[in-house]
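Descriptive structure summary
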Amino acid sequence: MQKNVSISGSNSLSPAPRRPLMLRLSRFSFGVGDRFAHQASSQLRAFEKIRAQGIEVVPVWNKSNREHSFIGSEPSSVRAAAEQAVRESGWSLPWHTDADHIRLETVDRFLGSSDFFTIDVADSIGKQAPSDDVHRFLKHHPELFGTLDIQGIEESIFLSGDALEEIASKYLMAVQEAGRIFRYIEHKLGSGNFIAEVSMDETDLPQTPQELLVILVALADEGVALQTIAPKFTGRFNKGVDYVGDLDRFAKEFHEDLCVLAHGVARYGLPSNLKLSVHSGSDKFSIYPIIRQALAKSGAGLHIKTAGTTWLEELIGLSESGQEGVAFVREIYALALEQIGALTEPYASVIDIRMSELPDATEVASWDGPRWANTLRHIPSHPQYNSNVRQLLHVSFKLAAKKGTRYTDLLKKHSDVIGQNVFDNLYTRHMKPLFLG
Ligand SMILES: [Zn+2]
């Protein structure tokens, strides 16, 4: 079956009515992690600085259920730390707290302290949808068959009946799950009173623009008023290190994804501010120019989520704060080497550590503060930078959590040097290249 469908044609279906959003996410938003809830003020300084350059970027403090359970913290602590930083700085733009990667069974504890919900349905991707559901979807959307001209995409998208059926079978269960979670939150918090993101990034294979289109259409059918969507992009988005992959391919895919989102908004009544969310988006220095140019060209928005690397800035700051801090970093690294299997296991698909490149505990015994800082700080061209040590320590935050107040007292004692690192990392290495160039 093949036919040409033009979205601008007078015979196209009229879009579903757009539902009002009381809580609307701004064009640019930036998710910041703060594992130990001590750096919100320093993070906020970066947002103030970029705002002073004329770019409004809204902070979203995110922390997942998994991180809360590793650290033993409650979602209310994220809200409290953010509230305090906002109050002290006089920040007057919106700000949010994100219940990151929640599911139906984990969302409850976040309801009282989050206004942004990242609905994670990656686990349902690939679960075969009942054929009745698939056929109902196909029947309801004849416009998806054949060749689709989507504004901005040079080669038009073509979907054969088989291809469409395959995509629908693969994603409908995930979309239905997103619908269940969305409606549950809506029931608890009220329609339009929260920001919904749908995330599909924690899966094996990237979603093509064709798949993204089908997913958006199905989400619109489900009534999910999502304001951001986090697909899995092509290439590796490892935690805390640069992008690994084909830059030209990423650029093409990112551009096409933006076009597909605009199409979803125009045609299917999805929220008009719908934008892409880039997860594990911190430290992806090589794709920032591509993203910046694509946003400038299209006028699209962006949500970018950092991978909780503020905790690494705390270690860098401690390295620069004298003997006591250096001893602490060394101790954590030695423990991390001992427990490497257990620490890296939950993150196996998002880290690439070469064991042979990890110095052993005796080797690092002689390292001074600057050596630690240079090893950990994400300046890829620095001769002492070691992405393996950085990734290992990135996933080792629970070792510091186990030290309790010994760690948090060090954070308080050395808050100046740590705060400077937190600010500088966020502003200089992230916001500037992403939004200013
Ligand atoms: Zn994610």
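Residues numbered from 1 in each chain as written. Predicted model: local features only at pLDDT ≥ 70, side-chain atom pairs only at ≥ 80, totals over all residues. Heavy atoms only, no water.

Running from N to C, helix α5 (residues 161–189) and helix α6 (residues 209–222) point in directions that differ by 40°, and their axes come no closer than 9 Å. Classified by the angle their axes make, α5 and α6 are oblique. With respect to the hand of their crossing, α5 and α6 are arranged in right-handed fashion. Only Q210, E211, V214, I215, A218, L219 and E222 of α6 make contact with α5, whose side of the interface consists of L164, I167, K170, Y171, L172, V175, Q176, A178, G179 and R183. (Axes fitted to C-alpha atoms, helices over the stretch in contact; angles between N-to-C directions. Helix = DSSP H or I, 4+ residues; strand = E, 2+ residues; numbered from the N terminus. Parallel < 35°, antiparallel > 145°, perpendicular 65-115°, else oblique. Left-handed = near helix turned anticlockwise from the far one by under 90°. Contact = heavy atoms within 4.5 Å.)

If you walk through the whole model with that rule in mind, you get 19 salt bridges. Put simply, D123 and R103 hold a salt bridge, and the shortest N to O gap is 2.6 Å. Placement of D123 in the loop between β5 (116–120) and α4 (131–140) and of R103 in the loop between β4 (96–102) and β5 is noted, with a sequence separation of 20 residues between them. K413 serves as the salt-bridge partner of E324, at 2.7 Å between the closest nitrogen and oxygen. Within this pair, whereas E324 is found in helix α10 (residues 323–338), its partner K413 is found in helix α16 (residues 405–413), the two being separated by 89 residues in sequence. Each of the salt bridges in this network shares a partner with another, and the network as a whole consists of D98, D100, E197 and K305. (Salt bridge = Lys/Arg side-chain N within 4 Å of Asp/Glu carboxyl O.)

Moving on, we get to empty space enclosed by the protein. Enumeration according to the criterion identifies four cavities of 30 Å³ or more in this entry. Within this model, the largest cavity holds a volume of roughly 70 Å³. If you go around the largest cavity, the residues you meet are V32, G33, Q43, T306, T309, T310, E313, V422, N425, L426 and H430. Looking at the lining of the largest cavity, the elements that each hand over two or more residues are α9 (310–319) and α17 (415–436). When residues in the lining of the largest cavity are grouped by element, the largest group, four residues, is from α17. The residue inventory of the lining of the largest cavity, partitioned by class, reads three nonpolar, seven polar and one charged. (1 Å grid on protein atoms, 1.4 Å probe; cavity = no way out; pocket = protein on both sides within 12 Å on 5 of 7 lines; lining within 4 Å. Points joined across faces, edges and corners; volume = space filled by probe spheres on them. Nonpolar A, V, L, I, M, F, W, Y, C, P; charged D, E, K, R; others polar.)

Another aspect to go through is the side chain of K239. The residue K239 is located in the loop between β9 (228–230) and α7 (247–268) in this model. E202 provides the closest opposite charge to the buried, salt-bridge-free K239, at an N-O distance of 4.7 Å. (Buried < 20%, exposed > 50% of the residue type's maximum accessible area, 1.4 Å probe, protein only. Lys, Arg positive; Asp, Glu negative; His and termini not counted.)

As a further point, take the layout of surface pockets. Its volume calculated, the largest pocket comes out at about 830 Å³. In terms of lining residues, the largest pocket is bounded by 38 residues, among which D201, E202, K239, S349 and V350 are the most central. Among the secondary structure elements, those contributing two or more residues to the lining of the largest pocket are β3 (58–64), α2 (65–71) and β4. The dominant element in the lining of the largest pocket, judged by the number of residues it contributes, is α2, at three residues. For the lining of the largest pocket, the per-class residue count stands at ten nonpolar, 14 polar and 14 charged. Its volume calculated, the second largest pocket comes out at about 460 Å³.

In an ideal tetrahedron of four donors about a metal, each angle is 109.5 degrees. In an ideal octahedron of six donors, the angles are 90 or 180 degrees. At 2.0 to 2.4 Å from the zinc ion lie its protein donor atoms, namely H101 (NE2), D201 (OD) and H279 (ND1). Using a relative accessible area of 7% as the deciding quantity, one classes H279 as buried. (Donors = N, O, S within 2.8 Å, 3.2 Å for Na, K, Ca; no water.)

With that settled, the discussion passes to the sheet that holds β3. Taking strand neighbours around the barrel as the criterion, the eight strands line up as β2-β3-β4-β5-β8-β9-β10-β11 in a closed arrangement whose pairing is parallel. Sheet twist, expressed as the average angle between the axes of neighbouring strands with direction ignored, equals 25°. As paired elements, strand β2 (residues 28–32) and β3 share four bridges and run parallel to each other. Following the sheet pairing, V32 is matched in β3 by W61. Along the sheet, helix α1 (residues 40–52) contacts β2 and β3; its crossing angle with β3, the most-contacted strand, is approximately 145°. Packing against the sheet, α7 makes contact with β9, β10 (275–278) and β11 (302–305), and its axis sits at approximately 140° to β10. (Pairing = 2+ DSSP bridges.)

This next bit is on helix α14 (residues 387–394). Side chains that are three or four residues apart share a direction in an α-helix, a result of its 3.6 residues per turn. For α14, the tally of buried residues reaches seven of eight residues, placing the bulk of the element in the interior. Every buried residue belonging to α14 is among N388, V389, R390, Q391, L392, L393 and H394, and all of these are buried. For α14, the secondary structure elements touched by its buried residues are α9, α10, α11 (340–344), α13 (369–376) and α15 (397–402).

This brings us to the packing of aromatic side chains. Across all of its chains, the model carries 22 aromatic pairs by this definition. Measuring from centroid to centroid gives 5.0 Å for F28 and F435, while their planes differ by 50°, and the two rings are tilted. A residue pair is termed long-range when its members are at least 10 positions apart, and F28 in strand β2 and F435 in helix α17 qualify at 407 residues. The residues F28 and F435 share a single accessibility class, namely buried. Each member of the aromatic cluster is reached from another via a ring pair, and the members are F233, F237, Y243, F250 and F254. When the ring centre of F423 is taken as reference, the NZ or CZ atom of R45 above it lies at 4.7 Å. It is R371 that lies over the ring of W367; its NZ or CZ is 4.2 Å from the centre. (Phe/Tyr/Trp six-rings, centres within 6.5 Å; stacked < 30°, edge-to-face > 60°. Lys NZ or Arg CZ within 6 Å of the ring centre and 35° of its normal.)

Turning our attention to the confidence of the model for the protein. When pLDDT drops low, the exact placement of atoms in the prediction is not to be read closely. For the protein, the mean per-residue pLDDT works out to 93, and 96% of the residues sit at or above 70. Low pLDDT (under 50) marks residues 1–13, which in the prediction has 20 contacts with non-local residues, meaning those over four places away or in another chain. (pLDDT = per-residue confidence, 0-100.)

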